[in-house]
Amino acid sequence: MGKNNSLAEPVFPFLHDEAVETVPVSGKQPSYIVDHRQRLRARFMQGGAGALPDYELLELVLFRAIPRRDVKPLAHALMDHFGDFNRVITAPEARLRDISGIGDAVIVELKIIEAAAHRLARSKVMQQHVVSSWDALLDYCHTTMAHRETEQFRVLYLDRKNVIIGDEEQGKGTVDHVPVYPREVAKRALELNASALILVHNHPSGDPTPSQADIDMTQQILAACTALGLTLHDHLIIGKSRELSFRSEGYL
């Protein structure tokens, strides 16, 4: 590119759309769309995520999936339907498709963001001492589980130094139940040569108060661990905005 065009270049090199349009579009983007996208991207780079409300951060994600259309109405529709940025990103594919204008390209972009968030949060807890990384552990659990619409049960396996060496999903369930098999949990601990466990599951209702089934299941796993010389450190129930610790609440 010659020097004469340098003044016309945007402030940031990524201001041009890079995604391939999934539907043939004739003509250029309207200038107001081009200008809006450039301003929004520039504000994000200068001020970070804190400089943008949720719907504008969502617009940035939608830009790549829908290169040549005004995505602000779609961002607002998603926010109105799901409530906030996190719930949009973590919404099941089937529910996303209920929104007019949502297709494969948008779903892929949203799920890439979700996967990246999970992987970043997980990297802060794996191979870390559980005491020194407790806040990061809670953040990870909330990131991966707080907005799920069905129950998920995970087990964190620790070595003798209380370093997390395993994070495994043991089961998925319905909106208020997930099947858990204490023998399988304990068996997997032995396979990993783990010395201790932390149980984690979510309550899609948002209320982390344990049910009697939660308490009974925890006692069954505790009995299996005790018989095998394993330590059950805690059982965390993840709600929408807070968590409950069995250890702190006296259930263990």
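Just so we're clear, the structure is a prediction, and the values are computed from it rather than from any experiment. (Residues numbered from 1 in each chain as written. Predicted model: local features only at pLDDT ≥ 70, side-chain atom pairs only at ≥ 80, totals over all residues. Heavy atoms only, no water.)

### Thoughts on the nonpolar core
Step number 1: Leu58, Leu62, Leu78, Leu96, Ile102 and Leu110 are the most contacted members of the largest nonpolar core, which totals 26 residues.
Step number 2: The set of elements that each furnish at least two residues to this core consists of α2 (54-65), α3 (72-82), α4 (85-90) and α6 (104-123).
Step number 3: Per-element tally for this core: the top contributor is α2, with seven residues.
Step number 4: Among residues more than four places away in sequence, those in contact with Leu58 are Ala75, Leu78, Met79, Phe85, Val88 and Leu110.
Step number 5: Judged by nonpolar contacts, the second largest core, of 19 residues, contains Ala121, Tyr140, Cys141 and Ala146. (Core = buried A, V, L, I, M, F, W, Y, C linked by side-chain atoms within 4.5 Å. Buried < 20%, exposed > 50% of the residue type's maximum accessible area, 1.4 Å probe, protein only. Helix = DSSP H or I, 4+ residues; strand = E, 2+ residues; numbered from the N terminus. Contact = heavy atoms within 4.5 Å.)

### Thoughts on the environment of Glu109
Step number 1: Tracing the backbone shows Glu109 in helix α6.
Step number 2: Expressed as a C-alpha distance, the spacing of Glu109 and Val61, which sit 48 residues apart in the sequence, is 6.7 Å.
Step number 3: Excluding its chain neighbours within four sequence positions, the residues that come into contact with Glu109 are Val61, Arg64 and Ala65.

### Details of the packing of α2 against α3
Step number 1: Remark: α2 packs on α3, axes separated minimally by 9 Å, with the N-to-C direction vectors making an angle of 120°. Viewed along their axes, α2 and α3 adopt a mutual orientation that is oblique. Handedness of the crossing formed by α2 with α3: right-handed. Across from Asp54, Tyr55, Leu58, Glu59 and Leu62 in α2, the residues of α3 making contact are Lys72, Leu74, Ala75, His76, Leu78 and Met79.
Step number 2: Partitioning the contact of α2 with α3 into residue classes produces seven nonpolar, one polar and three charged. (Axes fitted to C-alpha atoms, helices over the stretch in contact; angles between N-to-C directions. Parallel < 35°, antiparallel > 145°, perpendicular 65-115°, else oblique. Left-handed = near helix turned anticlockwise from the far one by under 90°. Nonpolar A, V, L, I, M, F, W, Y, C, P; charged D, E, K, R; others polar.)

### Describing the pattern of salt bridges
Step number 1: Tallied over the full model, the rule gives eleven salt bridges.
Step number 2: Asp167 is paired through a salt bridge with Arg154; the nearest N and O atoms lie 3.0 Å apart. Residue Asp167 is located in strand β2 (residues 164-172), and its partner Arg154 is located in strand β1 (residues 152-158); the two are separated by 13 residues in the primary sequence. In terms of burial, Asp167 and Arg154 fall into one category: buried.
Step number 3: A salt bridge links Glu168 to Arg188; its shortest N-O distance comes to 2.7 Å. Residue Glu168 is located in strand β2, and its partner Arg188 is located in helix α8 (residues 182-191); the two are separated by 20 residues in the primary sequence.
Step number 4: For Arg188, a relative accessible area of 26% gives the class partly exposed.
Step number 5: Through salt bridges with shared partners, a single ionic network connects Glu93, Arg97 and Asp104. (Salt bridge = Lys/Arg side-chain N within 4 Å of Asp/Glu carboxyl O.)

### Focus on the confidence of the model for the protein
Step number 1: With 84% of its residues at a pLDDT of 70 or more, the protein shows a mean pLDDT of 83.
Step number 2: Note that pLDDT drops below 50 for residues 1-26; the model gives that stretch 27 contacts with residues more than four away or on any other chain. (pLDDT = per-residue confidence, 0-100.)

### Overview of the environment of Gln219
Step number 1: Along the chain, Gln219 turns up in helix α9 (residues 212-227).
Step number 2: Separated by 13 residues in sequence, Gln219 and Leu232 place their C-alpha atoms 10.0 Å apart.
Step number 3: Of note is the side chain of Gln219, whose polar atom sits 3.3 Å from the backbone oxygen of Tyr251. (Polar contact = N/O pair within 3.5 Å; in protein donor to acceptor, adjacent residues only side chain to side chain.)

### Description of the packing of aromatic side chains
Step number 1: Evaluation of the coordinates by the stated rule reveals one aromatic pair.
Step number 2: On the basis of an interplanar angle of 45° and a centroid distance of 5.0 Å, the ring pair of Phe246 and Tyr251 is categorised as tilted.
Step number 3: By relative accessible area, Phe246 is classed as buried at 1%. (Phe/Tyr/Trp six-rings, centres within 6.5 Å; stacked < 30°, edge-to-face > 60°.)

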